[in-house]
Amino acid sequence: MNNSDLFVCIDHVGYAVPNLDDAIKLHCEVFGWRVLHRETNEEQGVEEAMLGTGDQHSENAQIQLLAPLNPASTIAKWLERNGGRGGVQQVAYRVHDIDAVSATLRERGVTLLYDEPKIGTGGSRIQFAHPKSTGGILLEIVEPAQGAAH
Ligand code: CMX
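Residues numbered from 1 in each chain as written. Predicted model: local features only at pLDDT ≥ 70, side-chain atom pairs only at ≥ 80, totals over all residues. Heavy atoms only, no water.

*Asks:* What should I look at first to understand the overall build of the protein in this one?
*Replies:* Secondary structure summary: the protein contains 3 helices and 8 strands in total. Along the protein, from the amino end to the carboxyl end, the secondary structure elements read β-α-β-β-β-α-β-α-β-β-β. For 150 residues, the compact-globule formula gives about 15 Å, and the C-alpha radius of gyration of the protein, at 15 Å, lands near that figure. Once the C-alpha set of the protein is aligned to its principal axes, its extents read approximately 40 × 35 × 25 Å. Expressed as a percentage of the 150 residues in the protein, the buried residues total 42%. In the protein, the proportion of contacts linking residues at least 24 apart, taken out of those at least 6 apart, comes to 53%. Working note: accessible area of the protein is about 8300 Å², and carbon and sulfur atoms make up 49% of it. (Helix = DSSP H or I, 4+ residues; strand = E, 2+ residues; numbered from the N terminus. Rg over C-alpha atoms; globule rule 2.2 N^0.38 Å. Buried < 20%, exposed > 50% of the residue type's maximum accessible area, 1.4 Å probe, protein only. Contact = heavy atoms within 4.5 Å. Areas by Shrake-Rupley, 256 points an atom, 1.4 Å probe, with all protein chains shown as cover.)

The following block contains the structure:
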């Protein structure tokens, strides 16, 4: 990796969906993705599935389907603001060292949402940059768990 690179690759693109099973059906049966992993993340208020395709080499991006666990969920609010329809809620960049990358982004004036990274999919560590400091995109930064398939 080039020394000036902050990010390894696009880790995943996150879609907000009203219903996880319906969305899995659509993306797998119509678009041919397959479910790699499914979990509930209470802290983030989501029920989620990661979808993959092909051989899933280490830098293949995935699709993340995010359904709200309850009405207070960030995803419930996003869906409400978007007329109840699903859509792209976030783009996630993979990093090797989330603490170092977070410090660099803060130095460069990016607003990060959490003081410290939280736990995301499969035990990864995650942080978010507010859309107002990224040109309108909710940017997730993700450091995969040690030993994860990525
Ligand atoms: N993408 C782009 N813009 C977004 C956005 C999104 N996903 N969500 C909100 N915004 C915009 C709104 O349109 C609004 O813009 P205007 O002020 O121009 O109308 C602005 O951001 C609102 O910002 P806010 O009042 O600070 O906060 P919100 O209540 O809308 O929440 C955010 C926004 C980013 C703080 C919230 O979505 C959040 O905390 N996200 C991080 C956590 C998360 O997304 N968890 C679910 C996924 C978990 C996972 O990936 O594992």
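*Asks:* Looking at this structure, how should I read unusual backbone geometry?
*Replies:* A negative phi angle is the norm for most residues apart from glycine, just as the trans form is the norm for most peptide bonds. Here Q56, not a glycine, exhibits a phi torsion of approximately 50°, which is positive. By the element assignment, Q56 lies in the loop between β3 (46–52) and β4 (62–68).

*Asks:* Explanation requested: the nonpolar core in the structure shown.
*Replies:* A general trend in soluble globular proteins is that nonpolar side chains are found buried together. L6, V95, I98, V101, L105, V110, L112, A129, L139 and I141 form the largest nonpolar core, which has 10 residues in total. Every element with two or more residues in this core is listed here: α3 (98–107) and β8 (139–143). With 3 residues, the single largest contributor to this core is α3. For L6, the contacting residues outside a window of four places in its chain are V95, V101, T104, L105 and R108. (Core = buried A, V, L, I, M, F, W, Y, C linked by side-chain atoms within 4.5 Å.)

*Asks:* Help me understand helix α1 (residues 20–30), please; the structure alone is not making it clear to me.
*Replies:* Spacing of three or four residues puts side chains on the same side of an α-helix, whose turn is 3.6 residues. The set of residues buried in α1 consists of L20, A23, I24 and H27. Projected down its long axis, α1 carries its buried residues within an arc of 100°, all on one side. Within α1, the exposed residues directed more than 90 degrees away from the buried face are D22, E29 and V30. The inward-facing, buried residues of α1 abut β1 (9–16), β2 (34–41), β3 and β4. Sitting at the amino-terminal end of α1 is N19, which places a side-chain oxygen 3.1 Å from the backbone nitrogen of D21. Looking one or two residues beyond α1, the residue adopting positive phi is G32, at roughly 80°. (Arc of directions from axis to C-beta. Polar contact = N/O pair within 3.5 Å; in protein donor to acceptor, adjacent residues only side chain to side chain.)

*Asks:* Got a minute to help me understand the pairing of β4 in this structure?
*Replies:* On any regular strand, side chains alternate: one points to one face of the sheet, the next to the other face. The buried fraction of β4 is high, at 6 of 7 residues. Where β1 meets β4, 5 bridges bridge the pair, whose relative direction is parallel. Along β4, the bridge assignment pairs Y15 with L65. Judged from the 6 bridges that link them, β3 and β4 form a sheet pairing that is antiparallel. When the sheet's bridge partners are listed, L51 is paired in β4 with I63. (Pairing = 2+ DSSP bridges.)

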